[in-house]
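Examination of the molecular architecture
What follows is the residue order along each chain.
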Amino acid sequence: MIEHSEPHIVPKKTYYIVFATLMILLFVTVAMAFVPLGPFNIYVAMAIAITKAVLVVLYFMHVRYSNRLIWVAAGAGFVWLVILLAFTLADYSSRGWIKVPGK
Amino acid sequence: MEMDRTVVAEERPTIIDTVTGAIRENYLNANYGLKSWFLTVDHKRIAILYLISITLFFFLGGSFAVMIRLELITPQGDLVQAETYNKLFTMHGIVMVFFFLIPSIPAVLGNFLVPIMIGARDMAFPRLNLASWYIYVVGGLFTLGAMIAGGIDTGWTFYTPYSTSFSNTYVIATGLGIFVVGFSSILTGLNFIVTIHKMRAPGLTWFRLPLFIWSNYATSIIMVLGTPVIAVTILLVALERGLHIGIFDPALGGDPILFQHLFWFYSHPAVYIMILPAMGVISELVACFSRRRVFGYKFVAFASLGIAVIGFLVWGHHMFVSGQSSYAGMIFSFLSFIVAIPSAIKVFNWTATMYKGSISYDTPMLYVMGFIGLFTIGGLTGLFLACLGVDIHVHDTYFIVAHFHYIMVGGTIMAYLGGIHFWWPKITGRMYPEGWGKFSALLIFVGFNLTFFPQFLLGYLGMPRRYYAYPQEFQVLNVMSSAGASVLGVGYLLPLVYFLWSLRYGRIAGSNPWKATGLEWQTSSPPPTENFLATPVVTEEPYQYSPEETEAEYAMTKKENVNV
C-alpha cells in the first residue's frame, strides 16, 4: 500500500567529504570572528551557518535523495522558520520608526 | 506490523454471533488485564488512556481555580499568601493549557475517531501513538513532581526575567515537563497527518471527509510546526537559568522581548490547537442535530486551514505594550483582525446549517449552541484586544482573562463535552442519562457566564489580572464570579458522575443512536478492535441528512402516539 522508493545507497566517501566540509566551515566561522569586518561579520557568519545547515539537511538527513513530498515537508519547516525570524527581526529593526509621544 | 495484526485476527474465534448475527466482541472485551491496556496499540484504547489522564489533570487544574476564586471573594489577601497565590494561578494555567486543553479533543476524540471516520483499522503508527501517551504521562509526572516539591510562580507564560533572574521556584523542572509533553503532541500530530493522507477508505476523497478530520488535520500541522519552537524556548530559559548564557537577560547581552516572540510563536497557535478540533466537533454535531448538510462544506474545511496558517502570523498581539516596535504592533494588529474572517465563516455557516433544519435539543446540541454563542463573544472581544488603542487600556486586566476563558472554556470545553456526550454511546456502547445531561449542560452554560462575564466588567474597570488583593469597589463583581465558579464546578462534576454510572446502568445504545451519517456510526458500538469487519467503501458526500424526512418521521410517530 505504501510505496517505498528504492533506498538510495550513499557511498561512505560522500559522508566523509560532507563531514570534512562541515569541520572546515566551523574553523572558517571561528577564524572570521577575529577578522574585523564591522557589520559584515554577522552576514558572513550567517552565510556559513546556512551553508552548513543545507549540507546537513541534504546529505545527512537524506533529503537530496528523497521524493518530492519530503521536499515539501522539509521546505514547509524552513518557510515557518523564516516566518519566525522575519517577524521577530521586523520588530527589532523597526523600533523607533514611529515616534510615540511620551515614549 | 501489518502481518502481526492479520495473524491475530485469524487466530480469534469468530467474532460474530452465529445465532443473532450480532458482534460479540469489541475493543473493550477483546482482552483483559493491565497489560492489555498499558501495552495496547489500539487507537481506541489509547484514547481511553488519554481520557482518564486528562480528566485527572482537568480536576487538578480545577482545584487550583477553586482556591483562586475562594481567595478573590474578599478584597484583602487573606486565604493564602501572595506567593502561594502566584503559584496557584501559574499551576492552574500550566495544567489546564498543557495537560488538558491541548491534548483534550485531539488525543481523546481524535485518537478514537480519526481512524474510524476514515474507515481505517488503526493509526498509521500505532506504536508511536502509544509512545505519545507514555511521553504525556512522563511529562505530566515531572510537572506534578515539581508542583509537589514546591510549585512554580512565574505565570504559565514563563516570561523572562521572572522565570530567569527573579524566581527561586521549580522553573527548570516544570519547564522540562512541558518540554517532554510537547513531544507527545508532535507525535499525535504526525500520526494524524500520515493517517489522513495514507489510510482513507476507498472512495473517501478529501472533500468527502468529515469536517472533524479537516480540523484535526489543520491542528496537526500546527502541532508539528509550532511545538518544536516552545521546546527550544524552554531549553533556552534553562540554559540562561542554569549556565547564565545571555539570551534573554540584557545584563548578559540578551533581550527579554525575544522570549516573548519565541514563546508566543508557539503559544498563540496553541490556542488554535485548542479551538480548531472543537470547531470540528461542532460541525459534526450541528449537522446531525439539525438534520442538514453543513452549509458551505468547502468553506468550513478551508477555513480550518486558513486559521492554522494565519494563526502563525499574529503572535505579536500579545506584545503591544511590552516593548515591541509600534510598527510591528500595527502589522500584528492588522493580521489579528484577518484571522476573524475564517472564524466568522465557520460561525455563520453553522448558523446557516441550522436554518430550516429539523433541530432537536439533545444534550450535545445544547453544548453546540452554548459553543456558538460563547465562542462568538470570545472571538469578538478578541477583536477589541487586537485593536492597539483598546489593548493599551485593557492589557493585563481581567478583560483578557475573561476573553481567553470564553474561547478556551466556553469554546473548547463546551465542544469537548458536547463531543464526549455525542460519541459516548460509540465509545462505551451505552447511553448517558439524557435528563441529567441537559441539566448539567444548562448548569455549565449559566455557571460559565456568571463566572466570566463579570470579569469583562472588572477588566474594563481596571482590575489587573494576577493580583490576590483588590480595591473594595470590585468586590461585588468578584463575588458574582466566585459564585458562578461554584455553579460551574457542580456542572463539571455531574457528567463525571453520570458517565461513570452509565458504564454499568446506561441503556444499551446500539450502533447509531443519533441516526447520524459518518463511518463511525456504521460499525457496532463499541466497535470491534479492527473497527470494521470489512473495509468500508465510500460512495457519497458527508452529512447526507434530510430535514424533511426527519420531520415526516416525527409527524408519523406523533400520530401513532395519538392513536395509541
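Throughout what follows, the structure given in this document is the object of discussion.

Thresholds, definitions, all that
Residues numbered from 1 in each chain as written. Chains lettered and ligands numbered in written order. Predicted model: local features only at pLDDT ≥ 70, side-chain atom pairs only at ≥ 80, totals over all residues. Heavy atoms only, no water. Helix = DSSP H or I, 4+ residues; strand = E, 2+ residues; numbered from the N terminus. Buried < 20%, exposed > 50% of the residue type's maximum accessible area, 1.4 Å probe, protein only. Contact = heavy atoms within 4.5 Å. Areas by Shrake-Rupley, 256 points an atom, 1.4 Å probe, with all protein chains shown as cover. Axes fitted to C-alpha atoms, helices over the stretch in contact; angles between N-to-C directions. Parallel < 35°, antiparallel > 145°, perpendicular 65-115°, else oblique. Left-handed = near helix turned anticlockwise from the far one by under 90°. Nonpolar A, V, L, I, M, F, W, Y, C, P; charged D, E, K, R; others polar. Buried area = accessible area lost by both parts, 1.4 Å probe. Salt bridge = Lys/Arg side-chain N within 4 Å of Asp/Glu carboxyl O. Polar contact = N/O pair within 3.5 Å; in protein donor to acceptor, adjacent residues only side chain to side chain. Phe/Tyr/Trp six-rings, centres within 6.5 Å; stacked < 30°, edge-to-face > 60°. Lys NZ or Arg CZ within 6 Å of the ring centre and 35° of its normal. Expected span 1.5 Å × (residues − 1). Arc of directions from axis to C-beta. Core = buried A, V, L, I, M, F, W, Y, C linked by side-chain atoms within 4.5 Å. Patch = residues over 30% accessible without salt bridge, like charges linked within 9 Å, V, L, I, M, F, W, Y side chains within 5 Å. Lys, Arg positive; Asp, Glu negative; His and termini not counted. Charge placed at Lys NZ, Arg CZ, Asp CG, Glu CD.

1. Let's talk about the overall build of chain A
A count of helices and strands for chain A gives three helices and zero strands. The linear arrangement of helices and strands in chain A, starting from the amino end, is α-α-α. Out of the 103 residues in chain A, the part that is buried amounts to 17%. Excluding contacts between residues fewer than 6 apart, the proportion of contacts in chain A whose partners are at least 24 apart in sequence is 51%. Element-wise, carbon and sulfur atoms account for 76% of the exposed surface of chain A, whose accessible area totals about 8,100 Å².

2. Let's talk about the environment of Gly203 of chain B
Its location among the elements puts Gly203 of chain B in the loop between α6 (171-198) and α7 (211-243). Distance in space between the C-alpha atoms of Gly203 of chain B and Glu541 of chain B is 10.0 Å, their sequence separation being 338 residues.

3. A look at the packing of helix α9 (residues 297-310) of chain B against helix α11 (residues 340-354) of chain B
Residues and elements named next belong to chain B. One way to put it is that α9 packs onto α11 with a least axis distance of 8 Å and a crossing angle of 155°. Classified by the interaxial angle, the pair formed by α9 and α11 is roughly antiparallel. Taken as a pair, α9 and α11 cross one another with a handedness that is left-handed. On α11, the residues touching Phe299, Val300, Ala303, Ser304, Gly306, Ile307 and Ile310 of α9 are Pro342, Ser343, Ile345, Lys346 and Asn349. Of the residues assigned to the contact of α9 with α11, the class counts are seven nonpolar, four polar and one charged.

4. Quick notes on the interface of chain B and chain A
Contact residues are listed per partner, giving 24 residues for chain B and 17 residues for chain A. Together, the buried faces of chain B and chain A total about 1,800 Å²; carbon and sulfur atoms form 74% of this surface. The largest contributions to the chain B side of the interface with chain A come from Lys198, Leu225 and Tyr327 of chain B, which together make up 25% of the buried area. At the surface where chain B touches chain A, the tally comes to one salt bridge. Two residues, Arg95 of chain A and Asp255 of chain B, come together in a salt bridge whose shortest N-O distance is 3.7 Å. Seen at the junction of chain B and chain A, the total is five residue pairs in polar contact (both at pLDDT 80 or more). Listing elements by their share of the side of chain B that touches chain A, those giving two or more residues are α7, α8 (256-290) and α10 (326-338) of chain B.

5. Quick look at the packing of aromatic side chains
Inspection of every chain in the model, using the stated rule, returns 56 aromatic pairs over all chains. With a centroid separation of 5.6 Å and 70° between ring planes, the pair formed by Tyr27 of chain B and Phe112 of chain B is classed as edge-to-face. Taken together, the residues Tyr27 of chain B in the loop between α1 (2-11) and α2 (34-38) and Phe112 of chain B in helix α4 (residues 82-117) connect sequence positions 85 residues apart. Exposure class is identical for Tyr27 of chain B and Phe112 of chain B. Each is buried. With a centroid separation of 6.3 Å and 35° between ring planes, the pair formed by Tyr432 of chain B and Tyr498 of chain B is classed as tilted. Placement of Tyr432 of chain B in the loop between α14 (398-428) and α15 (434-461) and of Tyr498 of chain B in helix α16 (residues 475-505) is noted, with a sequence separation of 66 residues between them. Positioned over the ring face of Tyr92 of chain A is Arg95 of chain A, at 4.4 Å from the centre of the ring.

6. A look at the packing of helix α3 (residues 43-71) of chain B against α16 of chain B
Residues and elements named next belong to chain B. Interhelical geometry of α3 versus α16 gives an angle of 160° and a closest axis separation of 10 Å. What the angle tells us is that α3 and α16 run roughly antiparallel. Taken as a pair, α3 and α16 cross one another with a handedness that is left-handed. Within the contact between the two elements, α3 uses Thr55, Phe58, Phe59 and Arg69 and α16 uses Asn478, Ser481, Ser482, Ala485, Tyr492, Leu493 and Leu496. Partitioned by chemical class, the residues of the contact of α3 with α16 number six nonpolar, four polar and one charged.

7. Considerations on the environment of Tyr134 of chain B
Relative to the elements of secondary structure, Tyr134 of chain B occurs in helix α5 (residues 126-149). As a C-alpha pair, Tyr134 of chain B and Ser304 of chain B span 170 residues in sequence and 29 Å in three-dimensional space.

8. Topic: the side chain of Thr353 of chain B
Residue and element names in this part refer to chain B. Looking at where Thr353 falls in the secondary structure, it is placed in helix α11. Overall, the relative accessible area of 0% leaves Thr353 in the buried class. Discounting chain neighbours no more than four positions away, the residues touching Thr353 are Val286, Ala287, Ser290, Arg292, Arg293, Val294 and Phe295.

9. Brief notes about unusual backbone geometry
Along the chain, Thr160 of chain B connects to Pro161 of chain B via a cis peptide bond; the corresponding omega equals 0°. With respect to the helices and strands, Pro161 of chain B occurs in the loop between α5 and α6. One non-glycine residue with positive phi stands out, namely His62 of chain A, at about 65°. Residue position: His62 of chain A is located in the loop between α2 (40-60) and α3 (68-93).

10. Some words on the pattern of salt bridges
Residue and element names in this part refer to chain B. Under the definition given, this model contains five salt bridges over all chains. With its nearest N and O atoms 3.7 Å apart, the salt bridge here joins Asp396 to Arg465. Taken as a pair, Asp396 in the loop between α13 (388-394) and α14 and Arg465 in the loop between α15 and α16 lie far apart in primary sequence, 69 residues in all. In this structure Arg465 comes out as buried when scored by relative accessible area, which is 15%.

11. Describing α11 of chain B
Residue and element names in this part refer to chain B. When the terminal C-alpha atoms of α11 are compared, their 21 Å separation across 15 residues agrees well with the 21 Å that a helix rising 1.5 Å per residue should span. Within α11, the full set of buried residues consists of Pro342, Ser343, Lys346, Val347, Asn349, Trp350, Thr353 and Met354. Buried residues along α11 cover an arc of 165° about the axis, so they all sit on one side. Looking at the buried side of α11, the elements it contacts are α8, α9, α10 and α12 (363-386). Looking at the residues trailing α11, positive phi occurs at Lys356, about 65°.

12. Thoughts on the nonpolar core
In terms of nonpolar packing, the biggest core is built from 178 residues, with Ile94, Phe98, Phe371, Tyr416, Phe422, Trp423 and Trp514 of chain B touching the most fellow members. The biggest single contributor to this core is α8 of chain B, with 23 residues. Counting residues in hydrophobic clusters, the runner-up holds six residues, among them Val18, Leu22, Ile48 and Leu55 of chain A.

13. Thoughts on a negative patch on the surface
Taken together, the side chains of Glu548, Glu549, Glu551 and Glu553 of chain B present a region of like negative charge at the surface. With respect to the helices and strands, Glu551 of chain B occurs in helix α17 (residues 547-563).

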